[in-house]
Structure formats: structure tokens, C-alpha cells
Amino acid sequence: MSTAVDRAGGRRSARTRVVVLGGGFGGVYTALHLERLLAKGAPVEVSLVNRENYLVFQPMLAEVIAGDVGILDTVSPLRQLLRRTDLFVREVEGVDLSRRVVTLGAGLTPQAHELPFDHLVIALGNVTDFRGVPGFPEHALAFKTLADSVRIRNHVIHVLEQSSVVSDADLRRTMLTFVVAGGGFSGTEVAAALNGFVRRAVRDYRSIPPREVRVVLVHSGASVLERELTPSLAAYATAALAEQGIELALGQRLVAASAQSAVLSDGRRISTRTLISTVPSSPNPVVEQLGLPTERGRLVCDPTMAVEGADGVWAVGDCALIPMPGGQSCPPTAQHAIRQAKTLAANIVASHTDGRTRSFAFTGLGKLGALGHHRAVAELPGGVRIAGVPAWLMWRGVYWSKLPGASRKARVAISWLSDLVLPPHPVQLNLGGGRGATQAHFEPGETVFNEGDTGDSLFMILSGRVEVRKRFGAGPQLVGTLGPGEYFGEMALLGRRPRSATTRALTPLDVLVLPGSDFSALADGLVEFRTEFEQIARLRAESDAARAASDPSV
Ligand SMILES: Cc1cc2nc3c(=O)[nH]c(=O)nc-3n(C[C@H](O)[C@H](O)[C@H](O)COP(=O)(O)OP(=O)(O)OC[C@H]3O[C@@H](n4cnc5c(N)ncnc54)[C@H](O)[C@@H]3O)c2cc1C
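Calculation notes
- Residues numbered from 1 in each chain as written.
- Predicted model: local features only at pLDDT ≥ 70, side-chain atom pairs only at ≥ 80, totals over all residues.
- Heavy atoms only, no water.
- Salt bridge = Lys/Arg side-chain N within 4 Å of Asp/Glu carboxyl O.
- Buried < 20%, exposed > 50% of the residue type's maximum accessible area, 1.4 Å probe, protein only.
- Helix = DSSP H or I, 4+ residues; strand = E, 2+ residues; numbered from the N terminus.
- Phe/Tyr/Trp six-rings, centres within 6.5 Å; stacked < 30°, edge-to-face > 60°.
- Expected span 1.5 Å × (residues − 1).
- Arc of directions from axis to C-beta.
- Contact = heavy atoms within 4.5 Å.

Q: How should I be thinking about the pattern of salt bridges in this particular structure?
A: Two side chains that carry opposite charge are able to pair once their charged atoms sit near each other. In total, this model carries 22 salt bridges according to the counting rule given. In this structure, R99 and D96 form a salt bridge, with 3.6 Å as the shortest nitrogen-oxygen distance. On the basis of relative accessibility, which here comes to 48%, the residue R99 falls in the partly exposed class. Across the salt bridge formed by R269 and E446, the nearest N and O atoms sit 3.6 Å from each other. Here E446 lies in the loop between strand 27 (438–442) and strand 28 (447–449) and R269 lies in strand 17 (residues 269–271), a separation of 177 residues in the sequence. Take R269: its relative accessible area is 41%, and that puts it in the partly exposed class. The class of E446 is buried, set by a relative accessible area of 6%. The network of salt bridges with common partners includes D170, R172, R173 and E212.

Pasting the structure below:
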């Protein structure tokens, strides 16, 4: 135990400083239990660092997409949950285990902040990482955080709005195709929620034929949830999704995505503008930087949750590999994280008092998964299996009872009741702000833009090749190919006119996309930038004119 230093640098108390990194179930419940032990006289002071000032109830995130619960119904303010914990709403940048300090990001001030600790609890969960699948980082939507759910909901409503004014039936069908990757609990729940929401919302759009809506769930196994549940329940879940009109692409993985399609492992392409991926997550980068032993990206712990190879460092939740009594390790679920937290808090205090730390002994209460249309599946200890409406009622009852705080429970109950009687609310939240430069991926043969399209962006080639074709008299002719480091799309932006050529990927193509508004701001403000692009546009226009002049069919 050492003397704590307060935020102003002064000496405070001879208490053990426990710093908890992460405000998910693992971190928040550890801090909560430490607070309770503190109230009973335990000599600890607790700080918690999290990038958001709220705890998200992840099991209900799919309901946010569907609008069954309100956007803020699933979150609990940390300051109301943790009354005796010093809260730092900042980014954890790194941990120096030898100096025993955590470095926090600068936040609104220019200075980084160091937080000393006697005990460190690592509860940083894991992260979504789409690297490794071409086109995923640019075009797949993640589903893990509250922001992800809001983003997906906004995107889906945007797609409905845009489809309603598209007269080209092929393009409209592409826009109305929604692809979800991953047939585990998250994937099935998001596919079911999305399917229910879109099919209900589309009734408000007179120009969209409801039969054109497609929701496709891509899963590598022979049935959804086959790794999570017994075969009979997995078969029930698979049939329940199919009955709701969800197309199942089973035995398939997604191997690439582009701005226009999702590519399956058997080579098939699904034309779409919406791809949601719930593929397994990756280790948190801060955890990776610690240099401590990990297995599959999770910190190796002993049964008391002490991290191997580091004194006074503990881990809890999804980022921790904690052995269970039977020899297996704890699965990454909220029910385990919440219970690990209680044992961990007691162990931290015990390590400074009587030294009697305990092993984590919980093995699980069962598994529950919602399937849409008021159906669910439940597998409980003792081989009890429930499916259909009773399982759905159990799903809602269990998760409702787990919501932290009475006000959260009241809000969710009101949302569920109003959802039963009121129509859906397909309102797109415009959060403002420019898009900024983004990256896009195109598969070979895909069109970047067509002659005559509105010119709304500039493209800079990062890798791959693109062909440029123009119509001269008889028909489109190849006017050139472009490669890494070259630009296209500037002529329409500079001339404020429609695209004068069609561009198509010849190879897998990665481009940086600069929106027209940002291009104009740069061109208006930087003379050199504008001159450079005007010169390229002039040379290309001269070359086109020469080609047109020599073409006998013009
Ligand atoms: C969509 C979805 C549905 C789920 N449904 C269920 C379910 O029905 N039942 C169930 O038991 N489990 C479910 N889970 C799993 C469960 O939510 C997780 O196991 C649990 O949340 C893990 O808690 P954790 O504290 O370990 O990590 P997390 O909840 O991921 O919390 C980690 C926290 O650390 C913060 N953080 C990370 N890096 C930094 C950094 N560098 N700086 C500052 N803060 C940082 C994050 O912002 C986050 O708040 C679901 C998960 C998802 C994604």
C-alpha cells in the first residue's frame, strides 16, 4: 500500500489506489463492488477510466436499431452508477508497468495525464477490427457499440429514403438489400431486428414495393447459432429466421466487400449498399501493447484473475482469459464479466488484508438469443431448452431485470409497451458535420462512376488500376488507364457538370474519396491546388478533343 497522490499532485491518504481501465460490465461492476467494500471500511480508492461517460447495455443494442427501445434507454450514466469512484472520461493511451502509471489522452486540454496505481484492473474489452478482408474497413458497418447501432439505424433509414426516389428498379433492389455477416448471437439478433424494422418501416414509403426488400444473413456454418446452442435449438433458430423472410447464405463467408457488393466465398456477389459485420473481434490495442502473456488476444490470468507475469495487475471481462472450474476458460459474456467483477473486487482487497483470495467459480446460467417476431431460444443449465414466445418473454424478463437502476428499467418498459401499440418511427438523425475524406474499395469490373452521373467527389488511387471510357460518336472508347498516385473525377468538379466519362476498376482498387465540398474548399483556398487540377483537367480535355477530331464516326 502506498500514499496516494491527488489530482493536484498533493499527498492524500494511505489508501491503495486501484485504477480500473474500461467502463463496460467488467470495469463498472468491479468499481461498484470496490465501492461497497470501501463503504465497509476497505482501505482503497478507486479511479475508472473510460472513453464514454456511460455504461452500455450491449444485449439490447439490436433493439436500438429496430427502434424497440430509445437510443438512450440502453445506457446508464457512470457518474450516477459510481458515486465514490473518480471518473476519467478519457482515452487510455498506454500503461507503464515499471513506473506503475497509466497515461491518458489529452482530452480537451493539450496535456496528457498520468494516473499512478497500486493495483490495475484491465477491463478494456475487445475491438472491432476489419483489417484482413478487402473492402471491409471502408464499407462494412460494425455492430458493437451504441454509436454503431445509431449509425446502422441512420444508414438504413437513409437507404430507404434514397430508394424511394430511385426509378431504376435494379439499383433500387440493390439499395434495398441488407447483408449481415455472422450467424452467432449478435448476427442473428441484428438480422432479425433489421428485418422486422425495415419490413415495417417500408410501408410508409409508397414508391417502394415491399417485396424488393431483402435481408441476407451470411454464416459459415450449416445452421445459425450452431456453435452456441444444441443442434435442435440451432435448427429452430435457423427455421425461425427463414420464416421471417431472411435469406440465409449458409456455409459461406464474406471474402470481400466493395461500395456496391458483398462477395461470398463461393464467388457469388450480392449487390448491396449495406453490409453489417459481427465477425469475431480483435484484441484491444492497449492490451496488445502491455507485453504480457496473451492467448487469442486475451490476457492470461490465474483463477483469482491476477494477470500472469505482472504484480498487482488484474484483468476482467472480454479481454481476460480466466480459467473456469472445469478447465475451460470463461466465455466473453456479460453474465461472466459481472460475476468476475465481484470476485475480483474482493480479491484486490484481500490481497492487502488477509491474503485470502478466491478462485472464480461461476460456470454460467444459460444462453438466450432473440430471433425477432416475438420469438427467442433459451438453453438453461440441466439441459432445459425453451424456444418461441416463452423464450422471448424470458429473454425480455431476464435482460430487463439486469438493467442497472430503476429509471433505466422504467424507460425500457415504457419503450416496449409503446412499441406494441405505436407505429415505427423511421427518423434519421442528422448529426451534422462533413463526411471528410474516406476510403473506398472496388472489386474488378465494378463501376466507380458512369458518364452522366453527378460529379460529387474526387478519387485518388491508392492501389490498383482503373480504366476510363468515353462516348465518342459510335460508342464508348477506352481513353486511358490510371494507377497508384493518379487522380480522376476532377473535371466534373471543376466544371460543375455531370461526369464526362465512365470509370471501372480493372483490378482490386482502393481509392481515397474527397467529397466535392472539401475539394471546392481546397480549390478556393489554395491557388497551387486549384492550378494543379486545372492543368490536369485541361490536358485531359485537349486529349479528348484530339481523339474526337480523329474519330471518323463523330
Ligand atoms: C451486440 C452485443 C450483444 C451482446 N449480447 C450479450 C448477451 O445477450 N448476453 C451476454 O451475456 N453477453 C452479451 N454480449 C457480450 C457482452 O456485452 C460482453 O461480454 C461484455 O460487455 C464484456 O464486458 P467488458 O467490460 O469486458 O468489455 P466492454 O463492454 O467491451 O467494455 C470495454 C470498455 O472499455 C472502453 N475502452 C476500450 N478501450 C479504451 C481506451 N483505449 N480508452 C478508454 N476506454 C476504452 C470501451 O469504451 C468500453 O466502455 C453482447 C455483446 C455485443 C457486442
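Q: Explain the packing of aromatic side chains here, please?
A: Geometry of an aromatic ring pair is reported as the spacing of the ring centres plus the angle between the planes. All chains considered together, the criterion is met by 13 aromatic pairs. The interplanar angle of 65 degrees and the centroid separation of 4.8 Å between the aromatic rings of Y487 and F533 together place this pair among those described as edge-to-face. With Y487 in strand 32 (residues 487–488) and F533 in helix 15 (residues 527–550), the pair connects residues that are 46 residues apart, well separated along the chain. Classification of F533 by relative accessible area gives buried; the value is 3%. Pairing F529 with F533 gives two aromatic rings, centres 4.8 Å apart and planes at 50 degrees, and the pair type is tilted.

Q: How do you make sense of helix 12 (residues 406–421) when you look at a structure like this?
A: Here helix 12 spans 23 Å end to end across 16 residues, near enough to the 22 Å set by a 1.5 Å rise per residue. All of the buried residues along helix 12 are R408, K409, V412, S415, W416 and D419. Seen along its axis, helix 12 keeps its buried residues to an arc of 130 degrees; they face one direction. Every exposed residue of helix 12 that faces more than 90 degrees away from the buried side is listed here: A406, I414, L417 and V421. Those residues of helix 12 that are buried lie in contact with helix 2 (61–66), strand 4 (75–77), helix 7 (185–201) and helix 11 (389–402).

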